[in-house]
Amino acid sequence: MNIFIQGMGCVSPQHTTGGPFLAEIREYEGNRLKAVEPDYKQWIDLKLIRRMGRVVKMGVAAAKLSLQEAAVVMPDAIITGTAYGCLDDTGVFLSKMINQQEEMLTPTAFIQSTHNTVGGQIALLLGCNACNNTFVHKAFSFESALLDSIMMLREGAVQHILTGGVDEITDHSHAILSRFGLYKQAPIRNTALLQSATKGTIAGEGAAFFTLGTEMTAHTVARLTGVSTLYRPADIPEITGALQVFLSSHACGPEDIDLLICGRNGNADEDGVYEAITQALFPQTAVAGFKHLSGEYPTAAAFATWMAARILQLQELSPGVLISGTAPAKIRKILICNGYQGTHYSFILLAHPNI
Amino acid sequence: MEKLMADLKAQIVAQLNLQEVKPEDIGDDQPLFKEGLGLDSIDALELIVLLQQHYHIRIANPEQGPEIFYSVRSMAEFITAHQKQ
Amino acid sequence: MSGNVWIAGGGVICGIGTDLQACLEAFAQMQPGMQDMQYLRSIHRGVLPVAEVKADNAALAARAGMPEHISRTALLSKIAAEEAWASSGLGARAQYRVGFVSANTVGGMDKTEEFFASYLQHPPSGGRLQQVVHHECGSVTELVADAMGIRHHVTTISTACSSGANALMYGARLIRNNIADVVIAGGTDALTRFTLNGFNTLMILDQAACRPFDDTRTGLNLGEGAGYVVLVSDAIAATLPQAPWCRLSGYANANDAYHQTASSPEGTGNYLAMKGALEMSGLQPEDIAYINLHGTGTQNNDDSEARAIQRLFAPHYPPMSSTKSFTGHTLGASGGIEAVFAALAVQQGIIYPNAHFTTPMKECPLVPATTFSSGNRIPHVMSNSFGFSGSCSCLVFSETV
């Protein structure tokens, strides 16, 4: 059974909610890339918008764009991945609870802090009574949502599934994660991130949703071939081994990959893995990066999936994404190989729909 | 009463984050819920805390909500009655 | 993509017992777990009763074999997951492709609360990072997976009060799609001030013991705990030293799409979830011999659930009860804990009692079971878990023959 991306939507630190595909890179100075937010009123009723945090609005917008592109009115399931959930509302309620010593608290921030708020609000806006699930597992959140969707489509009971990944940065989360040494200390431009030789990366955020289905339609963007995760690999040979098993389970090998999109994030401690994988399996393959566009966050693979699918559809690489090799004349298969903090790796394989 | 109602309108707009509603747009007798201003049960809970914060009135039973929060005037009357006690 | 999914074992820790056997004894002796707060520090101590696990973090950490400073949610999770695994008789985990699918609603929030108090006093440098490093829901799952040596497939689900039930569904799909041989699936949540105060703002916490499905009900009591089942494939089930408890024969997840926190008056999502699970199991309503109710004890929840049951089952109702009248509402854990109770109900013919029930609801007079009994013939059990954001899930467990 083939699974296709019938439509998709993306809110990110780049201009991704309209206009030509990543025509020019939005440049940032510093270690935090904020999403470029569209005017949400085009999708969401004012009465509902007033309670929604940014993460919910980003998710809803990406979901709406995805359904719109796919020309699907009502999905048969909504599966969301979010590592952090609704951080802003969590911070608001937590701060008030501490500052007001558990007195005179109001419910809105608490209600909105629940991890399945994004999926729930999409269902509420659509009036969608179908299956609604939310995965909240760090850098496997989006991948789990994707895998669950693939399994449900294979079981044959549903036609269309709306699947996505979304995460937000807040002032609190950025301050706290900075203390863990995640981000670069010295000023850096995002356009120079992938060439950086220092530790740390740049924080990012965003939402990408996909309408998946088993039939090819006039709107089909790309084929979603498969997804796999690898938790705490012992060493690089285990990663390359798992990658080969993944590719062969989808009846292809490294030589069939026209473009490798890797999760390089400019962190000198982590990027060596991609070098090693490329040398071992993809010495001739064109390699692209994406975290200089999206920033680093646990569901960044959703942005990469959006980028990969559009590249397959348009058969063009946007400027500034190629890290090594030359842009292939024909792009039939793209492999996304993403890593997060050296503990979470995922592989997502996409193909041109006609292959 | 007029001053109290004007205060309440501003407090309601702020507390409920009613974007694009100006306090003066809310009628004294306009129903706040459903077909009126369109508030719902979560807003009712917010208004209970509003009364506690600004007027030191504690409502223990949320079922009293619909009556007290029917309109800005009913809220003002409830507050006035309680403050006299 | 085919084949059965079997329940090979289960484990529970909650307010009525620190293992499954202790929980059964509490049901048999009609001893609900709600008391004044002993371990959670909150201004609501003495006012809002809760069903705490009767052990401090030091005792739990010793039993879990984990450090005391980590989240209580992880400690509870490890204890219940280990009990579940041991009960399955599967032996060394290394011989299987094991998955761990755990649900929770607020991750390591109990520790984040401590961190945040210091952080807010001296931002951004205040607070010890050790207390916030496991804030994420997924981090709690990984603490336990790492301690149990599970890395084949690890993930976390969070759909408010239906989370644990959704973990079983995803686990079952992993098995049916041949991605895992064995999946430990369920949920965990420790009491936190965050959730206690959150539910308190909704004004749905009862200051007395909760009375699910009773006309005098005025709210729920929060509880804490963890519960996991061990799901296995046909091939693994055939190798078990003893017969599996039962089969996970049906499941469905639906959304009410009505309101963020309230259930629709007619219980649309509840009805769709129950109907979907029945259809998947190939059963008729009259085949169900016991319903483990979601039954939180709030006006709105119980009313909607009762109406949905009425719509699906009328005029013949199976015995039903809310075990939350004993355990309190354990949020992300409840779907997992109640899955263990429901699966055991099939294996041992148990009907659990509903505590504090006296008066049927005027609107929808369903009468839950009020005494414990075992050895009944219970071929099929339905277990409901409904939550915020319209999340509605239903599981059906069926006898092995």
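Above this text sits the structure in question.
Keep in mind that this is a model prediction, so the values were computed, not measured. Residue positions are given per chain, counted from 1 along the sequence in the order it is written. Written order determines the labels here, with chains lettered from A and ligands numbered from 1. Totals for whole chains, interfaces and linings use every residue, but because this is a predicted model, local features are given only for residues with pLDDT of at least 70 and side-chain atom pairs only at 80 or more, for both listing and counting. With hydrogens and water excluded, all non-hydrogen atoms of the structure serve as input to the side-chain values.

## Focus on the overall build of chain B
- Strands here are runs of E lasting at least two residues and helices are runs of H or I lasting at least four, both read from the DSSP assignment and numbered beginning at the N terminus. When you go through chain B residue by residue, the secondary structure sums to four helices and zero strands.
- When its helices and strands are written in sequence order, chain B yields α-α-α-α.
- The C-alpha radius of gyration computed for chain B amounts to 12 Å, which stays within 12% of the reference 12 Å derived for 85 residues, consistent with globular compactness.
- If you line up chain B on its principal axes, its C-alpha atoms span 35 × 25 × 20 Å.
- Each residue gets one of three labels from its accessible area relative to the maximum for its type: buried under 20%, exposed over 50%, partly exposed in between, using a 1.4 Å probe on protein chains only. Looking at chain B as a whole, 44% of its 85 residues are labelled buried.
- Residue pairs in contact within chain B that sit at least 24 positions apart in sequence constitute 54% of those at least 6 positions apart. Here the globule rule is a power law, 2.2 Å times the number of residues to the power 0.38, and the radius of gyration is based on C-alpha atoms. Any two residues whose heavy atoms approach within 4.5 Å are treated as being in contact.

## Side note on the interface of chain A and chain B
- Contact with chain A, which involves 13 residues of that partner, is made by 18 residues of chain B.
- Between chain A and chain B, roughly 1,200 Å² of surface is buried when both sides are summed, and carbon and sulfur atoms account for 51% of that area.
- Ranking the residues of chain A by area buried against chain B places A:R50, A:R51 and A:M104 at the top, with a combined share of 47%.
- Throughout this description, the term salt bridge denotes a Lys or Arg side-chain nitrogen within 4 Å of a carboxyl oxygen of Asp or Glu. Inspection of the chain A/chain B interface yields four salt bridges.
- Across the pair B:D43 and A:R51 runs a salt bridge whose closest N-O atoms are separated by 2.8 Å.
- Polar contact is defined as a pair of N or O atoms within 3.5 Å, subject to the rule that within protein one atom must be able to donate a hydrogen and the other to accept it, and that residues adjacent in sequence are counted only when both atoms are side-chain atoms. At the surface where chain A touches chain B, the tally comes to seven residue pairs in polar contact (both at pLDDT 80 or more). By definition, the buried area sums, over both parts, the 1.4 Å-probe accessible area that each loses when the two are put together.

## A short note on the interface of chain A and chain C
- Taken together, the contacts link 60 residues of chain A with 68 residues of chain C.
- Counting each side, the surface lost to burial between chain A and chain C is near 5,500 Å², with a carbon and sulfur contribution of 60%.
- The largest contributions to the chain A side of the interface with chain C come from A:E102, A:R179 and A:Y231, which together make up 14% of the buried area.
- For the pair chain A and chain C, the number of links is six salt bridges.
- Salt-bridge contacts for A:E238 lead to C:R151; the nearest nitrogen and oxygen are separated by 2.9 Å.
- The tally of links from chain A across to chain C stands at 33 residue pairs in polar contact (both at pLDDT 80 or more).
- Breaking the side of chain A that touches chain C down by element, the ones donating at least two residues are α3 (87-99), α4 (107-113), α5 (117-126), β3 (131-135), α6 (141-155), α7 (171-179) and β6 (222-231) of chain A.

## Section: the packing of helix α2 (residues 57-64) of chain C against helix α3 (residues 72-88) of chain C
All names here are of chain C.
- Contact pair α2 / α3: the axes reach a minimum separation of 9 Å and the direction vectors enclose 40°. In this view, α2 runs oblique relative to α3, as classed from their interaxial angle. Seen along the crossing, α2 lies across α3 with a hand that is left-handed. Contacts between α2 and α3 involve N57, L60, A61, R63 and A64 from the first element and R72, L75, L76, K78 and I79 from the second.
- In terms of residue class, the contact of α2 with α3 is made up of six nonpolar, one polar and three charged. Axis definition: a line fitted to C-alpha atoms, over the contacting stretch in the case of helices. Angles run 0 to 180 degrees between N-to-C directions. In these notes the angle categories are as follows: under 35 degrees is roughly parallel, over 145 is roughly antiparallel, 65 to 115 is roughly perpendicular, and the rest is oblique. Should the near helix be turned counterclockwise from the far one by less than a right angle, the crossing is left-handed, whereas a clockwise turn marks it as right-handed. Side-chain classes follow a simple rule in which Ala, Val, Leu, Ile, Met, Phe, Trp, Tyr, Cys and Pro form the nonpolar group, Asp, Glu, Lys and Arg form the charged group, and the remainder, Gly included, forms the polar group.

## A short note on the pairing of strand β2 (residues 77-81) of chain A
Residue and element names in this part refer to chain A.
- In terms of residue burial, β2 counts as a mostly covered element, since five of its five residues are buried.
- Covered by surrounding structure in β2 are A77, I79 and G81 together with I78 and T80, the residues of both alternating faces.
- For two strands to be treated as a pair, DSSP must find at least two bridges joining them. Bridging between β2 and β3 involves five bridges; their strand directions are parallel. Each residue of the ladder has a partner; that of G81, found in β3, is F135.
- The pairing of β2 with strand β4 (residues 160-167) spans five bridges and is classified as parallel. Following the sheet pairing, A77 is matched in β4 by I161.

## A few points about the packing of aromatic side chains
Residues and elements named next belong to chain C.
- Two aromatic rings, drawn from Phe, Tyr or Trp (for Trp, its six-membered ring), form a pair once their centres lie within 6.5 Å of each other, and the interplanar angle then sorts them: stacked below 30 degrees, edge-to-face above 60, tilted otherwise. For the coordinates displayed, the defined rule picks out 24 aromatic pairs over all chains.
- The interplanar angle of 20° and the centroid separation of 5.5 Å between the aromatic rings of F115 and Y119 together place this pair among those described as stacked. Of this pair, F115 and Y119 both sit in helix α4 (residues 109-121), four residues apart, which is roughly one turn of that helix.
- Here F115 falls in the buried class, since its relative accessible area comes to 0%.
- Ring geometry for Y352 and F372: centres 6.5 Å apart, planes at 65°, overall edge-to-face. Remark: F372 occurs in the loop between α12 (334-348) and β9 (380-386) and Y352 occurs in the loop between α12 and β9; sequence separation between them is 20 residues.
- When its relative accessible area of 24% is taken as the criterion, F372 is described as partly exposed.
- Chaining the aromatic ring pairs together yields one cluster made of F27, Y290, F326, F341, Y352 and F372.
- Lysine and arginine charges are scored as sitting over a ring when NZ or CZ, respectively, is within 6 Å of the ring centre and within 35 degrees of the ring normal. Sitting above the plane of the W85 ring, R93 keeps its charged end 5.2 Å from the centroid.
- Here the guanidinium or amino end of R311 rests over the ring plane of Y271, the centre of that ring lying 3.6 Å away.

## Examining empty space enclosed by the protein
- Buriedness of a pocket was judged along seven lines, with at least five required to meet protein on both sides within 12 Å; pockets are open sets of points on a 1 Å grid over the protein atoms alone, cavities are sets where a 1.4 Å probe fits but cannot get out, and lining residues have an atom within 4 Å of a point. Grid points are joined across faces, edges and corners, and a volume is the space filled by probe spheres set on the points. Applying the stated criterion to the full structure yields six cavities of 30 Å³ or more.
- Computed from the structure, the largest cavity encloses a volume of approximately 230 Å³.
- In terms of lining, the largest cavity is formed by 21 residues, of which the most central are A:S113, A:T114, A:H115, C:T105 and C:V106.
- Counting residues per element, the ones that place at least two in the lining of the largest cavity are α4 of chain A together with α7 (193-201) of chain C.
- The element best represented in the lining of the largest cavity is α7(C), accounting for three residues.
- For the lining of the largest cavity, a count of residues per class yields 12 nonpolar, eight polar and one charged.

## Looking at the packing of helix α9 (residues 268-281) of chain C against helix α10 (residues 299-313) of chain C
All names here are of chain C.
- The geometry of α9 relative to α10 is characterised by a closest axis approach of 8 Å and an angle of 40° between their N-to-C directions. Relative to α10, the element α9 lies oblique. α9 and α10 meet at a crossing whose hand is right-handed. Residues N270, Y271, M274, K275 and L278 of α9 pack against S304, E305, A308, I309, R311, L312 and F313 of α10.
- Of the residues assigned to the contact of α9 with α10, the class counts are seven nonpolar, two polar and three charged.

## Some words on the pattern of salt bridges
- Considering all chains together, one arrives at 39 salt bridges over all chains under this definition.
- A salt bridge links A:E27 to A:R189, with the shortest nitrogen-to-oxygen separation between them at 2.9 Å. Placement of A:E27 in the loop between β1 (4-11) and α1 (46-49) and of A:R189 in the loop between α7 and β5 (206-213) is noted, with a sequence separation of 162 residues between them.
- Owing to a relative accessible area of 45%, A:E27 belongs among the partly exposed residues under this scheme.
- With a relative accessible area of 37%, A:R189 lands in the partly exposed category.
- We note a salt bridge from C:R93 to C:E82, for which the minimum N-O separation is 3.9 Å. Of this pair, C:R93 sits in the loop between α3 and β2 (98-103) while C:E82 sits in helix α3, and the two are 11 residues apart along the sequence.

## Considerations on the side chain of A:T211
- Residue position: A:T211 is located in strand β5.
- Residue contacts for A:T211: discarding those within four places in its chain leaves A:F4, A:I5, A:Q6, A:G7, A:S66, A:L67, A:A70, A:V72, A:H160, A:I161 and A:L162.

## Some words on the environment of B:N17
- Following the sequence through the fold, B:N17 ends up in the loop between α1 (2-15) and α2 (41-55).
- B:N17 sits 14 residues away from B:P31 along the chain, and the two C-alpha atoms are 18 Å apart.
- Polar side-chain contacts of B:N17 include one of 2.7 Å to the backbone oxygen of A:R50.

## Let's talk about the environment of B:Q11
Residue and element names in this part refer to chain B.
- For Q11, the position within the fold is in helix α1.
- With 12 residues separating them along the chain, Q11 and P23 place their C-alpha atoms 8.4 Å apart.
- When neighbours within four sequence positions are excluded, Q11 is seen to be in contact with L50, H54 and Y55.

## A few points about unusual backbone geometry
Residue and element names in this part refer to chain C.
- A cis amide bond, omega -5°, links P123 with the succeeding residue P124.
- Structurally, the position occupied by P124 is in the loop between α4 and α5 (137-148).
- A314 connects to P315 through a cis peptide bond whose omega is 5°.
- Relative to the helices and strands, P315 is located in the loop between α10 and β8 (320-321).
- Residue N178 is not a glycine yet carries a positive backbone phi of 60°.
- You can see N178 is positioned in the loop between α6 (163-176) and β4 (182-189).

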